[in-house]
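# Inside the fold
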Amino acid sequence: MSIADNYRRITDAVAEAALRSGRRPEDVEVIAVTKFVPVERIAEAVAAGARSIGENRVQEFREKLEFFDACGVRKSIIGQLQSNKVKYVLGKCDLIQSVDRLSLAEEISRRASAMGIVQDVLVEVNIGGEEQKGGIAPESAEALITVISGLPGIAVKGLMCIPPVLGAVELRKCFASMRELFERLASGTANGARMQHLSMGMSGDYIAAIEEGANMVRIGSALFGERTR
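Residues numbered from 1 in each chain as written. Predicted model: local features only at pLDDT ≥ 70, side-chain atom pairs only at ≥ 80, totals over all residues. Heavy atoms only, no water.

## Notes on the overall build of the chain
The helix and strand inventory of the chain stands at 9 helices and 8 strands. Relative to a compact globule of 229 residues, whose C-alpha radius of gyration would be 17 Å, the chain shows 17 Å and is just as compact. With the C-alpha coordinates aligned to their principal axes, the bounding extent of the chain is approximately 45 × 40 × 30 Å. Evaluated residue by residue, the chain yields a buried proportion of 49% over its 229 residues. (Helix = DSSP H or I, 4+ residues; strand = E, 2+ residues; numbered from the N terminus. Rg over C-alpha atoms; globule rule 2.2 N^0.38 Å. Buried < 20%, exposed > 50% of the residue type's maximum accessible area, 1.4 Å probe, protein only.)

## Examining the environment of Gln59
For Gln59, the location among the structural elements is in helix H3 (residues 58-71). In this structure Gln59 comes out as partly exposed when scored by relative accessible area, which is 41%. As for Gln59 and Ile162, which are separated by 103 residues in sequence, their C-alpha atoms are 22 Å apart.

## Looking at the environment of Ile162
Among the structural elements, Ile162 can be located in the loop between strand S6 (154-161) and helix H7 (168-189). For the pair Ile162 and Gly201, spaced 39 residues apart in the sequence, the C-alpha separation amounts to 7.5 Å. Setting aside residues no more than four positions away along its own chain, Ile162 makes contact with Glu124, Val125, Glu130, Lys133, Met202 and Arg218. (Contact = heavy atoms within 4.5 Å.)

## Examining the layout of surface pockets
Looking at the largest pocket, its volume works out to about 310 Å³. Across the lining of the largest pocket, the residue classes break down as 5 nonpolar, 6 polar and 4 charged. (1 Å grid on protein atoms, 1.4 Å probe; cavity = no way out; pocket = protein on both sides within 12 Å on 5 of 7 lines; lining within 4 Å. Points joined across faces, edges and corners; volume = space filled by probe spheres on them. Nonpolar A, V, L, I, M, F, W, Y, C, P; charged D, E, K, R; others polar.)

## Remarks on the packing of aromatic side chains
Per the stated rule, a full pass over the model turns up 2 aromatic pairs. Each ring, one from Phe61 and one from Phe68, has its centre 6.4 Å from the other, and the planes form 40°; the classification is tilted. Centre to centre, the rings of Phe67 and Phe68 are 5.9 Å apart; their planes meet at 55°, and the pair counts as tilted. What links up through ring pairs into an aromatic cluster is the set Phe61, Phe67 and Phe68. (Phe/Tyr/Trp six-rings, centres within 6.5 Å; stacked < 30°, edge-to-face > 60°.)

## Observations concerning the packing of helix H2 (residues 39-48) against H3
Orientation of H2 relative to H3, taken along the N-to-C sense of each, is 20°, at an axis distance of 11 Å. Relative to H3, the element H2 lies roughly parallel. As H2 packs across H3, the resulting crossing turns out to be right-handed. Facing H2, whose interface residues are Val39, Ile42, Ala43 and Val46, H3 presents Lys64, Phe67, Phe68 and Cys71. A class-by-class count of the residues in the contact of H2 with H3 yields 7 nonpolar, no polar and 1 charged. (Axes fitted to C-alpha atoms, helices over the stretch in contact; angles between N-to-C directions. Parallel < 35°, antiparallel > 145°, perpendicular 65-115°, else oblique. Left-handed = near helix turned anticlockwise from the far one by under 90°.)

Okay, here's the thing in structure tokens:
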């Protein structure tokens, strides 16, 4: 199938899942994950209607930035971000989805304040407690968000997670736990943070994620095909 066909199939499935969960199709943002995808193929997705992209690697984001800006897409950094690379993405992306420690938030705050901007971020939660993955422990998320929300130049807009590889039932439990955490924090307990986005679900599990409450899904291989490197 072509990228355009894939995009239509994905957005149809997203719309159906949103309706099943009592929401409108437009309430769920589909982020096209463009890691290792050349701009020619990304352009096909944009022509099909894609309006949001997510890049994992800072270097690749920088290489494609002129193209992204020309397309007018909403840009997210979704991979792990080192503090020494904040300067390369700050003010150039709409959303940093992988803030998982105070030191990174402080660097974003320091540089954003110097630039006179406010950078929107999501706090990444390690919902499965996996040692090899980034993310703050669920029980520590509120404390981290409370501190970050008191910093200048940075605004917490929600949560992101990458769940473990699990069976369907256990995976849904992970997504449900994330939704419960998100809803609790959105109630206003975290220093006034405006929790808007719950980013969870990828190519293999985005339907379950939406049904459990995600309003952002990050889709790469289902749209562009399997990566070749």
